[in-house]
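# Residue-level structural notes
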Amino acid sequence: MPAPSAVHASDAGEPTGWRSAAACSGLSPAVVFARRVADAEPALRACARCPVQRRCEESVAPAESWFDGVSAGRLWRNGRPVTLDGPRR
């Protein structure tokens, strides 16, 4: 997987190029845009090793929209982070 700085530099001319480097890029949209913690677990685990977390949060801007799903290592519902109980594997 490319280093975050390499990903950022290589897609400077393409605003959505970072998505191909995202650890969640192969996951189902049902998982990435899940509203429940149990359904979102695969995306949350992917975020833990993702090289483009910052770009994801900047582009999605979950707190500035009514976003539902996983972005930058957190589950969001209606643009607010959901509190996760217990450790994730």
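Notes on the structure in this doc start here. (Residues numbered from 1 in each chain as written. Predicted model: local features only at pLDDT ≥ 70, side-chain atom pairs only at ≥ 80, totals over all residues. Heavy atoms only, no water.)

This next bit is on the layout of surface pockets. The volume enclosed by the largest pocket comes to roughly 310 Å³. Lining the largest pocket are 18 residues, with W18, R19, C24, V32 and F33 positioned closest to its centre. Those elements that place two or more of their residues in the lining of the largest pocket are α2 (29–32) and α4 (53–60). Considering each element in turn, the lining of the largest pocket owes the most residues, three residues, to α4. (1 Å grid on protein atoms, 1.4 Å probe; cavity = no way out; pocket = protein on both sides within 12 Å on 5 of 7 lines; lining within 4 Å. Points joined across faces, edges and corners; volume = space filled by probe spheres on them. Helix = DSSP H or I, 4+ residues; strand = E, 2+ residues; numbered from the N terminus.)

Inspection of every chain in the model, using the stated rule, returns zero disulfides. Considering cysteine sulfurs only, C47 is the nearest to C24, which forms no disulfide, with 6.1 Å between them. Between C47, a cysteine without a disulfide, and C50, which holds the nearest cysteine sulfur, the sulfur-to-sulfur distance is 6.0 Å. (Disulfide = S-S within 2.5 Å.)

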